[in-house]
Amino acid sequence: MRIGFGYDVHRLEEGHDLILGGVPVPSEKGTLAHSDGDVLIHAICDAILGAAGLGDIGHHFPDTDPANKNLDSVKILQHTLKLIHDAGYRVINIDTTICLQKPKLAPHIEEMKQQLSRIIQNDAVSIKATTTEKMGFVGEGRGISAYAAVLLEG
Ligand code: MG
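Let me begin by describing the structure that accompanies this report. (Residues numbered from 1 in each chain as written. Predicted model: local features only at pLDDT ≥ 70, side-chain atom pairs only at ≥ 80, totals over all residues. Heavy atoms only, no water.)

1. As for the coordination of the magnesium ion
Argument step 1. Protein-derived coordination of the magnesium ion comes from D8 (OD), H10 (NE2) and H42 (ND1), at a distance range of 2.2 to 2.3 Å.
Argument step 2. Motif for the magnesium ion, donor spacing along one chain: D-x1-H-x31-H. Placement of D8 in strand β1 (residues 2-14) and of H42 in helix α1 (residues 39-52) is noted, with a sequence separation of 34 residues between them.
Argument step 3. Since its relative accessible area comes to 16%, D8 is described here as buried.
Argument step 4. For H42, a relative accessible area of 6% translates into the label buried. (Donors = N, O, S within 2.8 Å, 3.2 Å for Na, K, Ca; no water. Helix = DSSP H or I, 4+ residues; strand = E, 2+ residues; numbered from the N terminus. Buried < 20%, exposed > 50% of the residue type's maximum accessible area, 1.4 Å probe, protein only.)

2. Topic: the environment of Q78
Argument step 1. With respect to the helices, strands and loops of the structure, Q78 is situated in helix α3 (residues 73-86).
Argument step 2. With 33 residues separating them along the chain, Q78 and C45 place their C-alpha atoms 9.3 Å apart.

3. Here we look at the nonpolar core
Argument step 1. Grouped together as the largest cluster of nonpolar side chains are 41 residues, with contacts concentrated most on L20, I48, L77, V91, M112 and L116.
Argument step 2. For this core, the secondary structure elements donating two or more residues are α1, α3, β5 (90-99), α4 (106-120), β6 (125-130) and β7 (143-153).
Argument step 3. In terms of residue count, the dominant contributor to this core is α1 (10 residues).
Argument step 4. With residues up to four places along the chain from it excluded, the contact list for L20 reads V25, D38, V39, L40, I98, L105, M112 and I144. (Core = buried A, V, L, I, M, F, W, Y, C linked by side-chain atoms within 4.5 Å. Contact = heavy atoms within 4.5 Å.)

4. Points about the packing of α1 against α3
Two measures define how a pair of helices packs: the angle their axes make with one another and the distance between the axes.
Argument step 1. Look at α1 against α3: their axes get within 10 Å of each other, and the N-to-C directions meet at 10°. If you check the angle between α1 and α3, you find them roughly parallel. Facing α1, whose interface residues are I41, H42, I44, C45, I48, L49 and A52, α3 presents S73, V74, I76, L77, T80, L81, L83 and I84.
Argument step 2. Of the residues that constitute the contact of α1 with α3, the class distribution is 12 nonpolar, three polar and no charged. (Axes fitted to C-alpha atoms, helices over the stretch in contact; angles between N-to-C directions. Parallel < 35°, antiparallel > 145°, perpendicular 65-115°, else oblique. Nonpolar A, V, L, I, M, F, W, Y, C, P; charged D, E, K, R; others polar.)

5. Let's talk about the side chain of D36
Argument step 1. Inspection of the secondary structure assignment puts D36 in the loop between β4 (29-32) and α1.
Argument step 2. No salt bridge is formed by the buried D36, whose closest oppositely charged neighbour, K75, lies at an N-O distance of 8.9 Å.
Argument step 3. Of note is the side chain of D36, whose polar atom sits 2.4 Å from the side chain of S73.
Argument step 4. Those residues in contact with D36 that lie beyond four places of it in its chain are I19, T31, H42, N70, L71, D72 and S73. (Lys, Arg positive; Asp, Glu negative; His and termini not counted. Salt bridge = Lys/Arg side-chain N within 4 Å of Asp/Glu carboxyl O. Polar contact = N/O pair within 3.5 Å; in protein donor to acceptor, adjacent residues only side chain to side chain.)

6. Remarks on the environment of M112
Argument step 1. For M112, the position within the fold is in helix α4.
Argument step 2. Relative accessible area serves as the criterion here: at 0%, M112 is assigned to the buried category.
Argument step 3. Linking M112 and T130, residues 18 residues apart in sequence, is a C-alpha distance of 15 Å.
Argument step 4. Excluding anything up to four places from it in sequence, M112 contacts L20, G21, V23, V25, L40, I98, L105 and I127.

7. Side note on the sheet that holds β4
Argument step 1. Strands sit in the order β4-β1-β7-β5-β6 across an open sheet of five strands; the sheet is mixed. On the outer flanks of this sheet lie β4 and β6, each paired with one strand and no other. Taking each pair of neighbouring strands and ignoring which way they run, the sheet shows an average axis angle of 25°.
Argument step 2. Where β1 meets β7, 10 bridges bridge the pair, whose relative direction is antiparallel. (Pairing = 2+ DSSP bridges.)

This is the structure in structure tokens:
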């Protein structure tokens, strides 16, 4: 058994899409990023890679590589899963928290869970959401963050 932890942040600005767990979320502001800025998937990938001792997402998908521009983060997750499967690991469960002031994410959580469960081929995916009570960069609407913990079996 190996435990891993991941964290990711992106800026929020008007005129950009907000994609979380591979699901487009209607929002005034979206993430500014080299890839599609899916903080939830990025945190999950870092947790998975960390648990397997395989570095981090920036190592495998550098933001200096033009090939990663506007990259669909579902592809990052699929590649991450291939890396750990090749190393002899499988995901036991994943627990996550998204920090966002608005919009409310509750109506979208189930779709995110279904999307991620399908990709990971495991129903034990938990997605939680919280505001930061209008404090800090998340609370002021300037950014979004996500935390993920994962357990792998090898
Ligand atoms: Mg990121």
